Amino acid sequence: MDRIFKALNDPARRSILDALRQKDGQSLTELEAQFAMTRFGVMAHLRVLQDANLLTTRKVGRWKYHYLNAVPLQEVIDRWIEPLVRKPAAQALLDLKTRLEGENAMTKPDFMMQTYIRCTEDALWAALTDPDQMAAYHFLARRVTLEGETYTTYFENGAPMFIARRLAETPKSRIEATWEPQWEGGGGPSRTVFGIVVEGPYCQLTVEHYDLTFPVVPGQGVADGWTRWAAGLKTWLETGEPMRMQMPQAASA
């Protein structure tokens, strides 16, 4: 906790966190352009923030993207500021972290994929959060419901496929949610992260899946499911047409 207070004691580092709060998932070049300091100065501040676990990074190709991590801040709030009033999104992530990861706040994703979609940031965000659109482009589902922060996706026969409980979000940039399979043999609860970065007329969508309770095999199971899901999403956003298909030996209720 000493590292957190040390990191927050510098106004430049607080400004960097504010910049990431406004737009999560920024590269060093993007952050450098916003501050009157050298590239090496920004890098030094980023290292202090990362040492305090106040931000995480994800390297994609030659680019490294920086993400605000609200979990340590929530721990400080819970201990020193608001012991009786908890922010539900960050607290839910803390609870999931405790249950599934022990003391590790962030771990290497068990699965990660990336795709580029020719669409606006607004259109992609709507497709990832609107239950009607989610049902339209999902390759297996035909219905998705939303109650509070909980999405339930259903098979065509009406049986629940999986539940996703929203843990945290940075609007139009990042979504963290649980992934709770409801079919037999689907495994235990895990966590997904969607990251959005705009690149001209395209949106870069990164999918990270953490805490899976079974091995990931390329081209099979969860990896194949995400590939088909991403293909349906891309087709929907670029053509307006749903893409229906079946997974080999698809799970059923």
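Residues numbered from 1 in each chain as written. Predicted model: local features only at pLDDT ≥ 70, side-chain atom pairs only at ≥ 80, totals over all residues. Heavy atoms only, no water.

Trainee: Is there a simple way to explain the sheet that holds strand S6 (residues 150-154) in this structure?
Mentor: Consider a sheet: its strands pair through backbone hydrogen bonds, and that pairing is either parallel or antiparallel. Spatial strand order, S4-S10-S9-S8-S7-S6-S5: seven strands in an open sheet with antiparallel pairing. Strands at the two margins of the open sheet, each flanked by one partner only, are strand S4 (111-118) and strand S5 (143-147). Direction aside, neighbouring strands of the sheet carry axes that sit 25° apart on average. Pairing of strand S9 (residues 190-199) with strand S10 (residues 202-210) involves nine bridges; the strand directions are antiparallel. Residue pairing for S10: Arg-191 is matched across the bridge by Tyr-210. (Pairing = 2+ DSSP bridges. Helix = DSSP H or I, 4+ residues; strand = E, 2+ residues; numbered from the N terminus. Axes fitted to C-alpha atoms, helices over the stretch in contact; angles between N-to-C directions.)

Trainee: Could you clarify how one ought to interpret the pattern of salt bridges in this entry?
Mentor: Pairing between side chains of opposite charge can happen when the charged atoms of each approach one another. This model, assessed by the stated rule, comprises 13 salt bridges. Taking the shortest distance from any N to any O, the salt bridge between Arg-191 and Glu-176 comes out at 3.5 Å. A residue pair is termed long-range when its members are at least 10 positions apart, and Arg-191 in strand S9 and Glu-176 in strand S8 (residues 174-181) qualify at 15 residues. Exposure class is identical for Arg-191 and Glu-176. Each is buried. Between Arg-191 and Asp-211 there is a salt bridge, and its shortest N-O distance comes to 4.0 Å. (Salt bridge = Lys/Arg side-chain N within 4 Å of Asp/Glu carboxyl O. Buried < 20%, exposed > 50% of the residue type's maximum accessible area, 1.4 Å probe, protein only.)

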